[in-house]
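Observations on the three-dimensional arrangement
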Amino acid sequence: MKATLLLLLTTLFFYSATSQENKLNIVVIGAHPDDCDIDAGGTAILFQEMGHNVLFVSLTNGDAGHFNTGGGALAKRRMAEAKEAGKRFGVTYKVLNHHDGELIPTLNNRLEVIRLIREWNADVVISHRPYDYHPDHRNAAIIVQDASFLVVVPNIVPDTSPLKESPVFLYSEDRFKKPTPFLPEIVIDISDVFSDKMYAMAAHKSQFFEWLPWLAGTLDEIPKTKKDQLAWLSGWRNRPISTEERAALYKWYGKEKGDKAQKIEAFEICEYGRQPSDSEIRQLFPMLGEQ
């Protein structure tokens, strides 16, 4: 009886360890609570539905992002919103306690990001490009870029084990053209989970239904009911898929599936991390399938 029980426990442990080894670890790093949601929320849902691990990190606490409240009260509210969004996305959501609008690529911030990437044993890291209207977005990108090589260097942050292999670092999409436009190298079809992404994003009420509409001068247009708010949010930043993005869809999904895609998230490969082959990209993004 004891031998049978021991064999069963050993088998379960081996299965659990093997299963965990096959899981991918994805880290998405944004400047503010809600950045990760916007840039990679649909892709994150697809990853977690396939059993992989996703971490969202906000480098600031968002304590400046509102028109009639701020400071600790706003930071507390945004922390709660991020926690709820994390539940809806099915991801781990971590909000660091740096002030909104004051993020700087300091040594301490770089070391903090190196630790996070190492502790998560990241296979893929996604963050902003360093070309953006918001200094926090630009500086978040610089912090992640500065960490990209050092995550494998043992004598940097020696209290945390270095990664054995550099992750693939990716930029999330933006529309800025100078000094160089975004290049959609990996495009993920999120059409099937777009409504789930909108529902999860809606947890950030202070942003999508208050602060951003206020900035745009459309606060009086926000619907009152949750159902109508979701419909309104679904049209936010709604845009056609570009020719370059459609070409990337054809590459990864084939023409038939590529033509059917209505909602996407796109990523550019950062030159500073591991440079993946097309076959490795398919392994890192298993929702692409095989061709």
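Please read all numbers here as calculations on a predicted model, not as lab measurements.

**A short note on the pattern of salt bridges**
Going through the model one piece at a time under the given rule, you end up with 18 salt bridges. Glu265 is the salt-bridge partner of Lys197, the closest N and O atoms lying 2.6 Å from each other. With a gap of 68 residues between them, Lys197 in helix 6 (residues 194-201) and Glu265 in strand 7 (residues 264-269) connect regions that are remote in the sequence. Glu265 carries the same exposure label as Lys197, and that label is buried. Across the pair Asp259 and Lys255 runs a salt bridge whose closest N-O atoms are separated by 2.8 Å. Remark: Lys255 and Asp259 occur in helix 10 (residues 255-260); sequence separation between them is four residues, near one turn of the helix. A residue is classified by how much of its surface remains accessible, and Asp259, at 34% relative accessible area, is partly exposed. Exposure remark for Lys255: the relative accessible area of 53% places this residue in the exposed category. Here the salt bridges do not stand alone but share partners, grouping Glu173, Arg175, Arg239 and Glu245 into one network.

**Some thoughts on unusual backbone geometry**
Residues Lys178 and Pro179 are joined by a peptide bond in cis, for which omega reads 5 degrees. Note that Pro179 resides in the loop between strand 5 (168-172) and strand 6 (186-189). The phi angle at Asn121 is positive, at roughly 50 degrees, despite the residue not being glycine. Position of Asn121 among the secondary structure elements: in the loop between helix 4 (107-119) and strand 4 (124-127). Phi at Val157 is positive, roughly 50 degrees, even though this residue is not glycine. Tracing the sequence through the fold places Val157 in the loop between helix 5 (135-150) and strand 5.

**What about the sheet that holds strand 2 (residues 53-58)?**
Strand order in this open sheet of seven strands is 3-2-1-4-5-7-6, and the pairing throughout is mixed. What marks the edges here is a single partner per strand, and that holds for strand 3 (92-95) and strand 6. Averaged over all pairs of adjacent strands, the angle between their axes in this sheet comes to 25 degrees, without regard to strand direction. Alignment of strand 2 against strand 3, held across four bridges, turns out to be parallel. Considered in strand 3, the bridge of Phe56 is made with Tyr93. Helix-sheet contacts for helix 4 involve strand 1 (25-30), strand 2, strand 3, strand 4 and strand 5, and the interaxial angle to strand 1 is about 155 degrees.

**Describing helix 3 (residues 71-89)**
In this model helix 3 runs 26 Å from its N-terminal to its C-terminal C-alpha over 19 residues, within 8% of the 27 Å that 1.5 Å per residue would give. Taken as a whole, helix 3 has its buried residues at Leu74, Ala75, Arg78, Glu81, Ala82, Ala85, Gly86 and Phe89. Along helix 3, the residues classed as buried sweep out an arc of 140 degrees about the axis, all on the same side. The outward face of helix 3, more than 90 degrees from its buried face, is lined by the exposed residues Gly72, Ala73, Lys76, Lys83 and Lys87. Looking at the packing, one finds that the buried side of helix 3 touches helix 2 (35-49), strand 2, strand 3, helix 6 and helix 7 (205-216). Two residues or fewer after helix 3 comes Gly90, characterised by a positive phi angle close to 80 degrees.

**Comments concerning the confidence of the model for the protein**
Regions with low pLDDT carry predicted coordinates that are not meant to be interpreted in detail. Of the residues in the protein, 93% have a pLDDT of 70 or more, and the chain-wide mean is 93. Segment residues 6-19: pLDDT under 50, and zero contacts once partners within four positions in sequence are set aside and those in other chains are kept.

**Describing helix 4**
Quick reminder: α-helices carry 3.6 residues per turn. Residues three or four places apart thus point the same way. Taking 1.5 Å of rise per residue, 13 residues should cover 18 Å, and helix 4 covers 18 Å from first to last C-alpha, within 8% of that figure. Among the residues making up helix 4, those that are buried are Asn109, Leu111, Val113, Ile114, Leu116, Ile117 and Arg118. Packed against the buried residues of helix 4 are strand 1, strand 2, strand 3, strand 4, helix 5 and strand 5. The positive-phi residue at the C-terminal boundary of helix 4 is Asn121, with phi of around 50 degrees.

Cut-off values and rules
- What you see as residue numbers is a count from 1 along each chain, following the sequence as written.
- Residue-level local features of this predicted model are given only where pLDDT is at least 70; pairs of side-chain atoms are given and counted only at 80 or more, and the full residue set underlies all totals for whole chains, interfaces and linings.
- Excluded from the side-chain calculations are hydrogens and water; all other atoms, namely the structure's heavy atoms, are used.
- Any carboxyl oxygen of Asp or Glu within 4 Å of a side-chain nitrogen of Lys or Arg constitutes a salt bridge here.
- Working definition: helices are DSSP H or I runs of at least four residues, strands are E runs of at least two. Numbering for both runs from the N terminus.
- Exposure is judged per residue with a 1.4 Å probe applied to protein chains only, and the accessible area is read against the type maximum: over 50% gives exposed, under 20% gives buried, and values in between give partly exposed.
- The pairing criterion for strands is at least two bridges between them, as found by DSSP.
- Here the axes come from fitting lines to C-alpha atoms, over the contacting stretch only for helices, and the angles between their N-to-C directions go from 0 to 180 degrees.
- Between two residues, a contact is recorded if the distance between any of their heavy atoms is within 4.5 Å.
- Expected helix span is taken as 1.5 Å per residue step, with the number of steps being one fewer than the number of residues.
- The arc in question is traced by the directions running from the helix axis to the C-beta atoms.
- For every residue, the predictor assigns a confidence score, pLDDT, that lies between 0 and 100.

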